[in-house]
Amino acid sequence: MVDLSVQIGDLRLKNPIMPASGTFSEDLATMLDINTLGALVTKTITHGIRQGNPTPRVCEVAGSMLNSIGIPSKGVDYFRNVTVPYYQAYDSPLVVSISGNTTDEFAQLCEAVSVPGVAAIEVNISCPNIEEDGKAFAMRPSSTLDVMRKLRAATDLPLWAKLTPNTGETSDVARAAQEGGADALVVCNTMLAMSIDVQSRKPRLGNLMGGLSGPSLKPIALRMAYQCAKAVDIPVIGCGGISTTEDVLEYLIAGASAVQVGTATFINPTAMIRIIAELEAYMVAHNFSKMTDIINSVRDEEAADTVVFMETAP
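Residues numbered from 1 in each chain as written. Predicted model: local features only at pLDDT ≥ 70, side-chain atom pairs only at ≥ 80, totals over all residues. Heavy atoms only, no water.

1. Re the sheet that holds strand 6 (residues 64-67)
- Taking strand neighbours across the sheet as the criterion, the four strands line up as 5-6-14-11 in an open arrangement whose pairing is antiparallel. Edge strands, defined here as strands with exactly one partner in the open sheet, are strand 5 (58-61) and strand 11 (191-193). Geometrically, the sheet is characterised by an average inter-axis angle of 35 degrees between neighbouring strands, direction not taken into account.
- The sheet contact formed by strand 5 and strand 6 spans four bridges and is antiparallel. Considered in strand 6, the bridge of V58 is made with N67. (Pairing = 2+ DSSP bridges. Helix = DSSP H or I, 4+ residues; strand = E, 2+ residues; numbered from the N terminus. Axes fitted to C-alpha atoms, helices over the stretch in contact; angles between N-to-C directions.)

This is the structure we're talking about:
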């Protein structure tokens, strides 16, 4: 027998596999045993009802996808009265993903979702901050620190800060999130991208630009997870381009304590269940008795903040 369990702050998960926010809903319970998952992460909710962005909201690109969903939400009251009671029938801990436009709005929502049945709050600080000219909170260490301090004061529940790849200050942002009170980091959200239909010469998304997810994002997100794991003392949850067991293992070896699976679920709704089974088989085949034997086992000689630029001679 092998022990797949991992520790994320005060939360003990039966295994390191969970869905990424926005890719999981109650409907999946009809297709798989969601009690098998390490945790359950809701779609991101906002304080009030939100319709989302204009269509088309999703398009395929080479090996990946773009989305500009716009965080449609049924609001906090629906979450407390309907969503939380629904998930109380399951054993896997419930993690609620939240989003706000200002630090105060974020803090109010964080307090509102801190109800019995919620095990942790994933704070989507990758969303636009209207107090900072629309730049995402997690693009800068200063705005990351400000919002995390307010969120920490608003709840006693564990806080998972979801970071953005759209920053050049990865390690500094990670450290700011930890200083502000984050119990874990989710690394990372989608990368801002664009696609154009050459026949119509129009953007392929109704909102012009959207978030890149899927295999194309993985090398970037993996690099960020590695850097963040080196920069902070709190757990890192890897997210971005995870489709296979090998992808999961890369993140774990790089230093992540758990992972979130997103786009792969759209292609195969039972992908997470397959990955859990294959992960156990890998551990048996390689004589690992517990997951902690794999986590942060990368054989590296480079500092986390070192970036080497390779130039090709003319």
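2. So, the confidence of the model for the protein chain
- Averaged over every residue, the pLDDT of the protein chain is 93; the share at 70 or more is 93%.
- This stretch, residues 308-314, has a pLDDT under 50; its non-local contacts, to residues over four places away or in other chains, come to zero contacts. (pLDDT = per-residue confidence, 0-100. Contact = heavy atoms within 4.5 Å.)

3. A word on helix 8 (residues 271-285)
- The end-to-end C-alpha distance of helix 8, which contains 15 residues, comes to 21 Å, matching closely the 21 Å that a straight helix rising 1.5 Å per residue would cover.
- Among the residues of helix 8, A271, M272, I275, I276, L279 and M283 are the ones counted as buried. Angularly, the buried residues of helix 8 cover 135 degrees about the axis, an arc narrow enough to put them on a single face. Turned more than 90 degrees away from the buried face of helix 8 sit V284 and A285, all of them exposed. (Expected span 1.5 Å × (residues − 1). Buried < 20%, exposed > 50% of the residue type's maximum accessible area, 1.4 Å probe, protein only. Arc of directions from axis to C-beta.)

4. Thoughts on the packing of aromatic side chains
- Enumeration according to the criterion identifies six aromatic pairs in this entry.
- Judged by centre distance (6.3 Å) and plane angle (25 degrees), the rings of F24 and Y87 are stacked. Here F24 is found in the loop between strand 3 (17-19) and strand 4 (40-41), whereas its partner Y87 is found in helix 1 (residues 75-87), with 63 residues between them in sequence.
- You can call Y87 buried: its relative accessible area is 5%.
- Arranged with centres 6.4 Å apart and planes meeting at 55 degrees, the rings of Y87 and Y90 form a pair that is tilted.
- These aromatic residues form a ring-pair network of at least three members: F24, Y86, Y87 and Y90. (Phe/Tyr/Trp six-rings, centres within 6.5 Å; stacked < 30°, edge-to-face > 60°.)

5. Topic: the side chain of T164
- For T164, the position within the fold is in the loop between strand 9 (159-162) and helix 4 (170-180).
- Judged by relative accessible area, T164 falls into the buried class, the value being 2%.
- If we skip the residues at most four places from it in the chain, T164 touches S126, A138, M139, C188 and M224.

6. A closer look at the pattern of salt bridges
- By the definition in use, this model includes 10 salt bridges.
- In this structure, K218 engages E250 in a salt bridge whose closest nitrogen and oxygen atoms are separated by 2.4 Å. Highlighted residues: K218 in helix 5 (residues 218-231) and E250 in helix 6 (residues 245-254), separated in sequence by 32 residues.
- The exposure class assigned to K218 is buried, which follows from its relative accessible area of 12%.
- A cluster of three or more residues bridged by salt bridges with shared partners is formed by K218, D247 and E250. (Salt bridge = Lys/Arg side-chain N within 4 Å of Asp/Glu carboxyl O.)

7. Brief notes about the side chain of T44
- Structurally, T44 is set in the loop between strand 4 and strand 5.
- Taking the relative accessible area as the measure of exposure, T44 reaches 10% and is therefore buried.
- A polar contact of 2.7 Å, which involves the side chain of T44, links it to the side chain of S97.
- Beyond its immediate sequence surroundings of up to four residues, T44 is in contact with S21, G22, I71, P72, S73, S97, I98, S99 and N124. (Polar contact = N/O pair within 3.5 Å; in protein donor to acceptor, adjacent residues only side chain to side chain.)

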